[in-house]
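# Remarks on the overall topology
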Amino acid sequence: LQGTWSLVPAKLSDDPKNWLLVRKRDESAPPPRRSGSEYEPMLATLESEVPSGRGWLFEVKWDGYRAVARIAGGDATLRSRRGNDLTGRFPSVARELPRAVRSPDCVLDGEVCALDEEGRSSFSVMQQGSGPLVYYVFDVLEIDGEPLLELPLRERRKRLEVLLDRRNRTVRLSEVFEDGEALYSAARNQRLEGIIAKKADSPYRPGKRTRDWLKIK
């Protein structure tokens, strides 16, 4: 057993032989790590063709506001790709974020979207102020103060899937697919904006536009 422990009377059935082993609070233990870093979102390069070959993951390209979310101490803030505070603009999303994650301190990357009557993300619906708002999460940059930027995307996705409470209907995981052509065809049939292709082994590069992430419209 690690740490400092004490024996205290259990006071069960007035039997003095009953004792409890209780761990004392370690005042010298360091608090949870919080980097406090503000991240610019990683950007995708426009491409006309769906990339072929192994090592790619594919997602729907959501039509909304890109936002980096920081959850700390039970509160959440949302910032745009240019660093503007979006928390007040999307208060319903900010309220749900702490309830949707299994960590008191984490940083997510995603898109705030308004859904039309068919459940598709629609920027025009958002401009009209109608339709439910959701936050599609596609990456995690920190958990419990630990930066995850250098981990490959596939590993960050695994941690994200564990982190999110999938029962929350406002904060949703952006699903990934391995068949890019099939996803692109489905996106066109459903009149979605397009798809995003990401290299499965790519690290996260804040504020950088690279060919590790491609957008195909």
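As shown above, the structure is provided for reference.
Moving on, we get to the overall build of the protein. Counting its secondary structure elements, the protein contains 4 helices and 12 strands. When each of the 217 residues of the protein is scored for burial, the buried share is 44%. Within the protein, contacts between residues at least 6 apart in sequence are counted, and of these 66% link residues at least 24 apart. For the protein, the accessible surface area stands at approximately 12,800 Å², while carbon and sulfur atoms represent 47% of it.

Right, let's get into the nonpolar core. Ranked by internal contacts, the top residues of the largest apolar core, which has 27 residues, are Leu78, Leu97, Leu108 and Tyr135. Val60, Val134, Leu214 and Ile216 belong to the second largest nonpolar core, which has 16 residues in total.

Attention shifts here to the side chain of Arg156. The residue Arg156 is located in helix α3 (residues 153–163) in this model. Of note is the side chain of Arg156, whose polar atom sits 2.6 Å from the backbone oxygen of Leu151. Discounting residues that sit within four places of it in the chain, Arg156 has contacts with Asp139, Val140, Leu148, Leu149, Leu151, Ser202, Pro203, Tyr204 and Trp213.

The next point concerns the sheet that holds strand β3 (residues 43–47). The strand order across the open sheet formed by 4 strands is β3-β12-β11-β4, and the pairing between neighbours is mixed. Unpaired on one side and paired on the other, β3 and β4 (56–60) mark the two borders of the sheet. Averaged over all adjacent pairs, the angle separating strand axes in this sheet is 35°, with direction ignored. Contacting β4, β11 (195–199) and β12 (209–216), α3 crosses the sheet at an angle of about 50° to β4.

A word on the packing of aromatic side chains. If you walk through the whole model with that rule in mind, you get 4 aromatic pairs. Considering the side-chain rings of Trp62 and Tyr136, the 3.7 Å spacing of their centres and the 5° angle between planes classify their relative orientation as stacked. Here Tyr136 lies in strand β8 (residues 133–143) and Trp62 lies in the loop between β4 and β5 (65–72), a separation of 74 residues in the sequence. The pair Trp62 / Tyr136 is uniform in exposure class, with both members buried. Ring centres 5.4 Å apart and planes at 45° place the aromatic pair Tyr65 and Phe123 in the tilted group. Pair noted here: Tyr65 is in strand β5 and Phe123 is in helix α2 (residues 123–128), with a separation of 58 residues, a long-range link. Take Phe123: its relative accessible area is 24%, and that puts it in the partly exposed class. Through a chain of ring-to-ring contacts, three or more aromatic side chains come together here, namely Tyr65, Phe90 and Phe123.

With that settled, the discussion passes to helix α4 (residues 180–189). All buried positions along α4 are accounted for by Gly180, Leu183, Tyr184 and Ala187. Buried residues along α4 cover an arc of 100° about the axis, so they all sit on one side. Structurally, α4 contributes buried residues whose contacts are with β4, β11 and β12.

The next subject is the layout of surface pockets. Where empty space is left in the structure can be found by rolling a water-sized probe over the atoms. In this structure, the largest pocket spans a volume of roughly 380 Å³. Surrounding the largest pocket, 20 residues form its lining, Lys61, Arg66, Glu111, Ile196 and Lys215 being those nearest its centre. Put simply, the parts of the chain that give the lining of the largest pocket at least two residues each are β3, β4, β5, β11 and β12. Ranked by residues supplied to the lining of the largest pocket, first place goes to β12 with 3 residues. Class assignment of the residues belonging to the lining of the largest pocket gives a composition of 9 nonpolar, 1 polar and 10 charged. Its volume calculated, the second largest pocket comes out at about 160 Å³.

The rules behind each value
Residues numbered from 1 in each chain as written. Predicted model: local features only at pLDDT ≥ 70, side-chain atom pairs only at ≥ 80, totals over all residues. Heavy atoms only, no water. Helix = DSSP H or I, 4+ residues; strand = E, 2+ residues; numbered from the N terminus. Buried < 20%, exposed > 50% of the residue type's maximum accessible area, 1.4 Å probe, protein only. Contact = heavy atoms within 4.5 Å. Areas by Shrake-Rupley, 256 points an atom, 1.4 Å probe, with all protein chains shown as cover. Core = buried A, V, L, I, M, F, W, Y, C linked by side-chain atoms within 4.5 Å. Polar contact = N/O pair within 3.5 Å; in protein donor to acceptor, adjacent residues only side chain to side chain. Pairing = 2+ DSSP bridges. Axes fitted to C-alpha atoms, helices over the stretch in contact; angles between N-to-C directions. Phe/Tyr/Trp six-rings, centres within 6.5 Å; stacked < 30°, edge-to-face > 60°. Arc of directions from axis to C-beta. 1 Å grid on protein atoms, 1.4 Å probe; cavity = no way out; pocket = protein on both sides within 12 Å on 5 of 7 lines; lining within 4 Å. Points joined across faces, edges and corners; volume = space filled by probe spheres on them. Nonpolar A, V, L, I, M, F, W, Y, C, P; charged D, E, K, R; others polar.

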